[in-house]
Amino acid sequence: MTPVLFLVLLLLSVPVALVLALTAIGYIWASGNTVLYDSFAQKMFAGIENYGLLAIPLFMLAGELMNEGGMTRRLINAARVFVGGFRGGLAYINLLANMFMAAIIGSATAQIAVMAQAMVPQMEQEGYDRGFAAATTAAGGLLAPIIPPSMMFVIFGVLAQIPIGDMFLAGILPGLILAFAVVCVIATIGFVQGFPKGEWFTASEAASALLYCLPATLIPIAIVGGILLGIATPTESAAVASLIAFLVGWLVYRELKPSALFGVFRRTAVNASMIIFMIAAANVFGWVIIYEALPQKLAAYITSVTSDPFVFLLIINVMLLFVGMLIDGIAALILLTPILLPIAIAHYGISPFHFGVVVCLNLALGLLTPPVGVGLYIAAAMSKTNPGQVLKSLWPFLVAVAAVLLLLSRFPVLSTALI
Amino acid sequence: ANDFRLGLITPPPHIWTKAAQSFAEDLAEESGGAHSVTVFPASQLGNEAEMLQQLQTGALDMAFMTVAEVSNRAPDLGAFYAPFLAQDVGHAGRILRSDVAKDLLEQLPGKVGAVGTAFGMGGLRQIVSRGEVNSVQDLAGSKTRITPFAPILDFYNAIGAAPTPMPLPDVYDALANGQVDAIDMDAELIWALKYYEHADTILQSDHMMFPMVGLVSGRVWADLSEEDRTMIAELMARHVDSTIDTYVEAEPVWLEDLKGTGKTYKIVDEEFFADAVQKWNEIWSQKSAALDDLRNVSRETAN
Amino acid sequence: MLGKLSAGWARIELGAAAILAVAITILILLNVVTRSLGAALFWTDELAIYAMVWMTFLGASAAVHHGSAVAVTIVTDALSPGLRKIAVRLVDLIVLGFALMMIWFCWQWFAPDMLLRSGFDIGAFQSETFKFIYSEPTTTLGIRKVWVWIVVWLFSAGATLHAVANLSRPADRVNVEAS
Ligand code: NA
Ligand code: NA
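What counts and what doesn't
- Residues numbered from 1 in each chain as written.
- Chains lettered and ligands numbered in written order.
- Predicted model: local features only at pLDDT ≥ 70, side-chain atom pairs only at ≥ 80, totals over all residues.
- Heavy atoms only, no water.
- Pairing = 2+ DSSP bridges.
- Helix = DSSP H or I, 4+ residues; strand = E, 2+ residues; numbered from the N terminus.
- Axes fitted to C-alpha atoms, helices over the stretch in contact; angles between N-to-C directions.
- Contact = heavy atoms within 4.5 Å.
- Buried < 20%, exposed > 50% of the residue type's maximum accessible area, 1.4 Å probe, protein only.
- Phe/Tyr/Trp six-rings, centres within 6.5 Å; stacked < 30°, edge-to-face > 60°.
- Lys NZ or Arg CZ within 6 Å of the ring centre and 35° of its normal.
- pLDDT = per-residue confidence, 0-100.
- UniProt positions renumbered as here; feature names shortened; annotations may be inferred.
- Parallel < 35°, antiparallel > 145°, perpendicular 65-115°, else oblique.
- Nonpolar A, V, L, I, M, F, W, Y, C, P; charged D, E, K, R; others polar.
- Patch = residues over 30% accessible without salt bridge, like charges linked within 9 Å, V, L, I, M, F, W, Y side chains within 5 Å.
- Areas by Shrake-Rupley, 256 points an atom, 1.4 Å probe, with all protein chains shown as cover.
- Salt bridge = Lys/Arg side-chain N within 4 Å of Asp/Glu carboxyl O.
- Buried area = accessible area lost by both parts, 1.4 Å probe.
- Polar contact = N/O pair within 3.5 Å; in protein donor to acceptor, adjacent residues only side chain to side chain.
- Right-handed = clockwise from strand over helix to strand, strands pointing away.

Enquirer: Please clarify how the sheet that holds strand β8 (residues 182–186) of chain B should be interpreted in this entry.
Expert: Backbone hydrogen bonds are what pair the strands of a sheet, in a parallel or an antiparallel way. Residue and element names in this part refer to chain B. Taken together, the six strands give an open sheet; going across it, the order is β7-β6-β8-β5-β9-β11, and neighbouring strands pair in mixed fashion. With partners counted over all chains shown, the strands left at the sheet margins are β7 (162–165) and β11 (264–267), one partner each. On average, each strand axis in the sheet is tilted by 25° relative to the strand beside it, whichever way the strands run. Here helix α11 (residues 226–259) sits on the sheet and contacts β5 (125–129), β9 (201–204) and β11; the angle it forms with β11, its principal contact strand, is near 135°.

Rendered as structure tokens:
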């Protein structure tokens with residue numbers, strides 16, 4: 001009965017957070033254990049009383065300030081100094097910029113929108129096919145959740161109760177493999193279709209691009225260095241990055257006025273509260289299903305099908321590709337982790353880090369696959385083309401990423417080696 | 001017939017969780033299958049504060065919980081955390097099994113909303129430090145990870161350290177990368193979770209005991225028959241109490257293992273901490289009415 | 001009228017949420033600075049967490065007004081305009097139902113009626129209800145936790161207001177505002 005309630009609410013377009021909370025309420029009702037209602041509101045609060053979640057608003061803030069303060073643009077410009085003149089140079093830059101930024105801002109789709117507007121016209125100007133330009137932007141969005149910093153990893157870390165810094169480490173090797181795979185796709189397409197020749201900056205242009213980019217490089221240094229050197233927690237390094245982004249955007253680039261800050265914080269509050277509230281609802285949902293020992297029952301069913309961790313992950317992958325057709329990545333992550341992770345750990349001995357990498361990449365992939373790929377539609381809309389046109393260039397990327405996903409599912413060491 | 005739920009924060013292989021499991025098995029057997037207990041380890045139902053609330057509403061039936069959490073609402077029990085109340089883990093066991101300790105359980109239904117069946121035990125607290133520790137001054141000003149409870153906080157404040165509350169999953173990294181200088185921890189986890197790997201000094205201070213208490217929801221208790229109450233109270237008490245024997249046996253082995261790690265290993269006593277113990281006693285003789293009685297028990301049961 | 005009240009309240013909620021986001025940032029930065037100076041403050045983490053929880057609940061309530069929460073629209077997007085209008089109304093009703101249930105949960109949790117009956121005597125209230133909500137301490141802040149928990153009431157009441165206002169919108173504006 002309750003799974004039906006869940007599906008009906010979900011498909012009726014009730015907000016995902018409320019679907020979770022209402023299903024939990026329905027579960028309690030059906031189980032007759034109505035004393036749980038007394039703890040319901042308190043449990044909703046308790047689910048977000050968590051230090052790790054502070055990383056969500058702070059990473060979003062850092063991303064907002066970087067975009068507002070002109071840092072993103074200057075980082076891209078500096079990258080052009082090094083590869084802009086190569087054939088397909090701009091395509092690689094688009095990919096790299098997306099990889100870094102998309103997951104900072106929390107919503108891969110929002111970042112695809114920003115980057116498509118910025119990069120697609122530039123690429124078209126140099127003679128790239130518009131569909132291909134949009135496809136590269138979208139493919140960058142695929143890598144973003146895996147290469148740290150990543151909002152998805154932050155959220156998974158909180159849900160799985162594992163250190164977020166370690167989760168970031170787990171993403172490094174898979175991220176490099178992914179980047180390599182995607183670069184190979186771009187190179188192959190370039191080889192087959194022939195890319196337009198890029199243009200090198202003149203020496204003075206290059207010097208100024210590099211000089212202007214210097215302050216902006218402080219931000220990746222603050223985030224990555226802070227975490228890896230252990231000077232700061234991921235949450236703290238995001239706060240430091242926000243401060244740097246603000247100071248550089250205001251005092252050095254002079255594109256960010258302090259008066260614009262309130263708007264930035266307001267947007268951050270709106271976006272962060274949306275995600276964190278979903279987590280609050282997922283928490284009561286997870287609590288109720290644990291009370292009803294549901295993961296044990298589901299586990300008994302799945303373990304009767306297979307006892308092999310790889311086969312289990314394959315089943316999860318196929319299942320998640322369907323889920324990814326319906327629901328945006330982070331919402332799906334919040335929805336499914338409480339159910340699937342306990343099974344993966346207890347019955348298949350899968351490391352939570354390995355599981356997190358596989359699930360996050362899978363859900364990112366779902367964002368771009370038809371029939372419902374929000375990322376695909378946004379990339380198309382923002383670059384004023386149609387999804388079919390984008391998909392024509394995108395499918396080799398999807399295939400490559402799917403292959404990497406299989407590889408990562410098969411070899412856990414790729415995710416756990418650096419931890 | 002009831003299907004009880006028992007929650008606790010420790011992971012499945014931990015001594016407390018094992019005791020909970022064998023309690024579950026025994027209760028099922030002794031009740032002839034009428035009652036069953038599902039154990040929810042590793043904070044699955046929430047942290048201790050949340051579980052305590054669930055005990056109060058009756059959503060959760062039973063829990064094995066640190067006395068620290070309970071002492072938030074029943075400060076008298078904070079006296080168990082008096083520094084150097086116990087000389088060693090065996091002595092701690094004798095104190096926890098005393099009549100004075102048992103009497104403290106009686107205030108739990110009124111103050112906490114749960115019935116306490118017996119005290120159990122975690123290991124004694126030790127200190128692991130990244131830097132050299134030659135005197136207590138070396139700990140002053142250092143960021144020291146603690147479990148955030150008033151009696152522990154007061155002890156480290158008295159030393160002059162900067163006590164930093166931090167949940168267990170973050171501790172290893174924090175110690176590895178210098179977010180904290182030292183940690184307050186028990187020998188079992190220092191060994192099992194390899195906290196010594198990123199430390200220079202292991203200080204066997206045995207400065208505090210870390211008791212546990214077996215709880216049954218007051219609401220659930222009210223609905224049980226007299227017969228069931230007796231059976232549950234006796235069985236739970238037996239298994240909670242059994243953790244004391246387990247620690248008495250296992251703790252010396254862990255400490256021996258830690259000595260073998262090649263890290264600087266120092267055994268220190270009450271004098272090492274100078275006037276910190278005195279300061280702590282001044283604060284807690286106000287907060288807890290049980291402190292003097294427990295000190296007396298400590299003297300009577302000392303070796 | 002109701003619509004204006006809802007819009008005004010949502011503006012206040014988001015303004016407060018933005019200020020809380022500022023507070024979070026400052027507190028975390030303060031944490032970094034004090035720790036590097038060797039004078040770590042032990043209460044900043046807990047305060048930052050509570051600021052985040054408040055920001056979340058206020059923002060979530062405002063999201064009911066703005067209809068901005070994440071939802072799966074694959075089915076409703078395919079409906080005819082007439083059916084879609086019905087679906088939107090149905091969702092409005094469900095949201096209101098949820099908000100009212102939250103108020104009821106808060107009532108069960110805080111038991112204000114019992115508190116009044118016990119003449120605000122916390123001890124008497126506790127022994128009668130077995131609810132310890134009014135004596136629960138915060139870990140490091142030295143205030144009672146009930147002051148922090150109160151935000152769930154704010155959320156429930158705010159969401160109820162916004163949901164009622166959504167339902168009282170003229171039917172022809174439903175589509176515009178929901179999309
Ligand atoms: Na990233
Ligand atoms: Na999809």
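So, next bit.
Enquirer: Explain the sheet that holds strand β1 (residues 3–7) of chain B to me, please; I cannot follow it from the model alone.
Expert: Residues and elements named next belong to chain B. Strand order in the open sheet formed by five strands is β2-β1-β3-β10-β4, and the pairing between neighbours is mixed. In this open sheet, the two edge strands, each paired with only one partner strand, are β2 (36–40) and β4 (114–122). Adjacent strand axes in the sheet meet at a mean angle of 20° when their direction is disregarded. Relative to β4, helix α4 (residues 89–96) is tilted by about 165°, and along the sheet it contacts β4 and β10 (210–217).

Enquirer: Quick question: what am I supposed to make of the environment of Val146 of chain C here?
Expert: All names here are of chain C. As for its placement among the helices and strands, Val146 is situated in helix α6 (residues 146–149). Residue class for Val146 comes out buried when judged on its relative accessible area of 8%. Among all residues touching Val146, those that are not within four sequence positions of it are Phe110, Ile133 and Tyr134.

Enquirer: Got a minute to help me understand the environment of Val224 of chain A in this structure?
Expert: Residues and elements named next belong to chain A. Considering the arrangement of structural elements, one finds Val224 in helix α11 (residues 203–228). Val224 sits in the partly exposed class, given a relative accessible area of 38%. C-alpha separation for the pair Val224 and Pro234, spaced ten residues apart in sequence, amounts to 8.7 Å.

Enquirer: Help me understand the packing of aromatic side chains, please; the structure alone is not making it clear to me.
Expert: Two measures describe an aromatic ring pair: the distance that separates the ring centres and the angle between the ring planes. Per the stated rule, a full pass over the model turns up 31 aromatic pairs over all chains. Aromatic side chains Phe86 of chain A and Trp200 of chain A sit 5.1 Å apart centroid to centroid with 80° between the ring planes, which places their arrangement in the edge-to-face category. Of this pair, Phe86 of chain A sits in the loop between α5 (71–83) and α6 (89–101) while Trp200 of chain A sits in the loop between α10 (164–193) and α11, and the two are 114 residues apart along the sequence. Looking at Phe86 of chain A, the relative accessible area reads 46%, which means it is partly exposed. Overall, Trp200 of chain A belongs to the partly exposed group, its relative accessible area being 43%. Feature note: the residues Trp109, Phe110, Phe125, Tyr134, Trp149 and Trp153 of chain C constitute an aromatic cluster, connected by ring pairs. Here the basic side chain of Arg74 of chain A rests over the ring of Tyr253 of chain A, its NZ or CZ set 3.8 Å away from the ring centre. In this arrangement the basic side chain of Arg125 of chain B is found over the ring face of Phe210 of chain B, its NZ or CZ atom lying 4.3 Å from the centre.

Enquirer: For this particular structure, what's the right way to read the confidence of the model for chain C?
Expert: Low pLDDT marks regions whose predicted coordinates should not be analysed in detail. Residues and elements named next belong to chain C. When pLDDT is averaged across chain C, the result is 89; 94% of the residues are at 70 or more. The model gives residues 174–179 a pLDDT under 50, and that stretch makes nine contacts with residues more than four places away or in other chains. Here the predicted complex carries an ipTM of 0.81, next to a pTM of 0.83.

Enquirer: Explanation requested: the UniProt feature "transmembrane region" (unreviewed entry) in chain C in the structure shown.
Expert: Residues and elements named next belong to chain C. UniProt marks residues 12–33, 53–75, 87–110 and 146–165 with the feature "transmembrane region" (unreviewed entry), using the numbering shown here. Between the end C-alpha atoms of residues 87–110 there is a gap of 34 Å, over a span that is 100% helix and 0% strand. Here residues 146–165 is 95% helix and 0% strand, with 29 Å between the C-alpha atoms at its ends.

Enquirer: Can you help me understand the packing of helix α3 (residues 37–46) of chain A against helix α3 (residues 81–110) of chain C in this one?
Expert: Helices that pack against each other are described as a pair by the angle of their axes relative to one another and the distance between those axes. Contact geometry of α3 of chain A with α3 of chain C gives a least axis separation of 8 Å together with a crossing angle of 105°. Judged by the inter-axis angle, α3 of chain A sits roughly perpendicular to α3 of chain C. Along its contact with α3 of chain A, which presents Tyr37, Asp38, Phe40, Ala41, Gln42 and Met44 of chain A, the element α3 of chain C presents Phe98, Met102, Trp104, Phe105, Cys106, Gln108 and Trp109 of chain C. Residue composition of the contact of α3 of chain A with α3 of chain C, grouped by class: ten nonpolar, two polar and one charged.

Enquirer: Before we go on, may I ask you to explain a nonpolar patch on the surface in this structure?
Expert: Taken together, the side chains of Leu243, Leu247, Trp250, Leu251 and Val252 of chain A make up a nonpolar region of the molecular surface, amounting to roughly 410 Å² of accessible area. By relative accessible area, which is 46% here, Leu251 of chain A ends up partly exposed.

Enquirer: What exactly am I supposed to notice about the environment of Leu368 of chain A here?
Expert: Residue and element names in this part refer to chain A. Take Leu368: it is sitting in the loop between α17 (352–366) and α18 (374–382). On the accessibility criterion, Leu368 (1% relative accessible area) is buried. Between the C-alpha atoms of Leu368 and Ala379, which are eleven residues apart in sequence, the distance is 9.4 Å. Discounting residues that sit within four places of it in the chain, Leu368 has contacts with Ala138, Ala139, Leu142, Gly373, Gly375, Leu376, Leu391, Leu394 and Leu398.

Enquirer: Can you walk me through the interface of chain B and chain C in this structure?
Expert: Frequently, the measure chosen for interface size is the accessible area that the parts lose on association. On the chain C side, the residues contacting the 20 residues of chain B number twelve residues. When the two sides are added together, the surface that chain B and chain C hide from each other amounts to roughly 1400 Å², 58% of it contributed by carbon and sulfur. Where chain B touches chain C, the interface holds one salt bridge. In this assembly, chain B and chain C are joined by two residue pairs in polar contact (both at pLDDT 80 or more). Counting only elements with at least two residues in the side of chain B that touches chain C, the list comes to α2 (48–57), α6 (108–112), β7 and α10 (218–222) of chain B. The class makeup of the residues in the side of chain B that touches chain C is eight nonpolar, eight polar and four charged.

Enquirer: Mind showing me how you'd approach the packing of helix α12 (residues 234–252) of chain A against helix α1 (residues 2–36) of chain C here?
Expert: Between α12 of chain A and α1 of chain C, the shortest axis-to-axis distance is 9 Å and the interhelical angle comes to 105°. Classified by the interaxial angle, the pair formed by α12 of chain A and α1 of chain C is roughly perpendicular. Side by side, α12 of chain A and α1 of chain C meet where Thr235, Glu236, Ala239, Val240 and Leu243 of chain A of the first sit next to Ile28, Leu29, Asn31, Val32 and Arg35 of chain C of the second.

Enquirer: Explain the pairing of strand β6 (residues 143–146) of chain B here, please?
Expert: Along a regular strand, successive side chains alternate from one face of the sheet to the other. All names here are of chain B. Burial of β6 is two-sided: the residues Lys143 and Arg145 facing one way and the residues Thr144 and Ile146 facing the other way are all buried. Pairing analysis gives four bridges linking β6 to β7, with the strands arranged parallel. From the neighbouring strand, Thr144 faces β7, where its bridge partner is Pro163. Taken together, β6, helix α7 (residues 150–159) and β7 form a β-α-β motif whose crossover is right-handed. Where β6 meets β8, two bridges bridge the pair, whose relative direction is parallel. Looking at the pairing, Thr144 lines up with Ala182 of β8.

Enquirer: What is the right way to read the interface of chain C and chain A from this model?
Expert: Taken together, the contact between chain C and chain A spans 55 residues of the former and 50 residues of the latter. Between chain C and chain A lies a buried interface of about 4600 Å² when both sides are counted; carbon and sulfur atoms form 82% of it. Inspection of the region where chain C meets chain A yields one salt bridge. Ionic pairing is found between Glu49 of chain A and Lys145 of chain C, a salt bridge with its closest N-O pair at 2.5 Å. Summed over the shared surface of chain C and chain A, the result is four residue pairs in polar contact (both at pLDDT 80 or more). Sorting the residues of the side of chain C that touches chain A by element identifies α1, α2 (44–66), α3, α6 and α7 (151–167) of chain C as the ones contributing at least two each. Here the element with the most residues in the side of chain C that touches chain A is α1 of chain C; it accounts for 15 residues. Considered class by class, the residues forming the side of chain C that touches chain A number 41 nonpolar, nine polar and five charged.

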